[in-house]
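# Chains, contacts and geometry: an overview
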Amino acid sequence: KGMSSLSLRYTLENTLDHDVYVFTKILTYNRRTREREPDPDRVYVAWQPDAVGETVRICKELWRVPEYMDVESPEVPHLTRLAPGETLEENLTLGLPLKLDYPYMSAFKSKKAKPGDATQSRAKSVVFGIGYVTGDPTDLRLEAIDADTFTVPYGIAQLKQKRVEHSVNVPVRVTGTE
């Protein structure tokens, strides 16, 4: 019998002399309230663009809207402020097989699957990534939700986002509809 879950733990330390804003809370649509709400346990899961069927990407970051897609309200995860010298640690447990889950899924089509086909595959490796932005809060047009949680406009996030990522060679099952 294979593994039933994949556990990830990451720690980020701000070694800069100014605040860093980390995408930590991806939004999930609440059918009851009909609102998008932050979900600290949600991650995006997608095939790594250059290694479809080989490497799965697990991330918390801004997902760019495809150029050929019109979106009224882009999905922008909430940011957590990390002051100079502070660390942020998260533990994530994801059920296996991993389920593909990322914004604008309908716009991305795997070369291996026809639209609507259920796919199941085994990835040879996992890449975990996290996005962040730096800069003056006024220039970033940050809006505070509470003392350490912020929103940022999509266009600014798209221009300013940087990423940290780490790859692990571990086989995992991935399922989903492309």
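Residues numbered from 1 in each chain as written. Predicted model: local features only at pLDDT ≥ 70, side-chain atom pairs only at ≥ 80, totals over all residues. Heavy atoms only, no water.

## As for the nonpolar core
The biggest cluster of nonpolar side chains holds 46 residues, and the ones touching the most others in it are Val 56, Ile 58, Leu 98 and Val 172. Excluding residues within four positions of it along the chain, Leu 98 makes contact with Leu 6, Val 45, Val 56, Ile 58, Val 172, Arg 173, Val 174 and Thr 175. (Core = buried A, V, L, I, M, F, W, Y, C linked by side-chain atoms within 4.5 Å. Buried < 20%, exposed > 50% of the residue type's maximum accessible area, 1.4 Å probe, protein only. Contact = heavy atoms within 4.5 Å.)

## Details of the confidence of the model for the protein
A low pLDDT score tells you not to read the predicted coordinates there in detail. Summarising the model, the protein shows a mean pLDDT of 88, and 89% of its residues fall at 70 or more. Of all secondary-structure elements in the protein, the lowest mean pLDDT belongs to strand β9 (residues 118-123), at 73, while helix α2 (residues 154-160) reaches the highest, 97. Across residues 110-118, confidence stays below pLDDT 50; counting only partners more than four residues off in sequence or on other chains, it has 16 contacts. (pLDDT = per-residue confidence, 0-100. Helix = DSSP H or I, 4+ residues; strand = E, 2+ residues; numbered from the N terminus.)

## Details of the side chain of Asn 30
If you trace the backbone, Asn 30 turns up in strand β2 (residues 20-30). Residue Asn 30 is classed as buried on the basis of its relative accessible area, which comes to 18%. Residues in contact with Asn 30, not counting those within four places in the same chain, are Glu 35 and Glu 37.

## A word on the environment of Arg 42
Among the structural elements, Arg 42 can be located in the loop between β3 (35-39) and β4 (44-47). The exposure class assigned to Arg 42 is buried, which follows from its relative accessible area of 15%. For the pair Arg 42 and Thr 28, spaced 14 residues apart in sequence, the C-alpha separation works out to 7.9 Å. Those residues in contact with Arg 42, other than ones at most four positions away along the chain, are Ile 26, Leu 27, Thr 28, Lys 60, Glu 75 and Asp 101. Separated by 2.3 Å, the side chain of Arg 42 and the backbone oxygen of Leu 27 make a polar contact. Polar side-chain contacts of Arg 42 include one of 3.4 Å to the side chain of Glu 75. (Polar contact = N/O pair within 3.5 Å; in protein donor to acceptor, adjacent residues only side chain to side chain.)

## Things to note about the packing of aromatic side chains
Enumeration according to the criterion identifies 4 aromatic pairs in this entry. On the numbers, 5.6 Å between centres and 75° between planes, the contact of Tyr 44 with Trp 63 is edge-to-face. A residue pair is termed long-range when its members are at least 10 positions apart, and Tyr 44 in strand β4 and Trp 63 in the loop between β5 (55-60) and β6 (78-82) qualify at 19 residues. One exposure class covers both Tyr 44 and Trp 63, and it is buried. Each ring, one from Trp 63 and one from Tyr 102, has its centre 5.1 Å from the other, and the planes form 25°; the classification is stacked. Pair noted here: Trp 63 is in the loop between β5 and β6 and Tyr 102 is in the loop between β8 (98-99) and β9, with a separation of 39 residues, a long-range link. In this structure Tyr 102 comes out as buried when scored by relative accessible area, which is 8%. (Phe/Tyr/Trp six-rings, centres within 6.5 Å; stacked < 30°, edge-to-face > 60°.)

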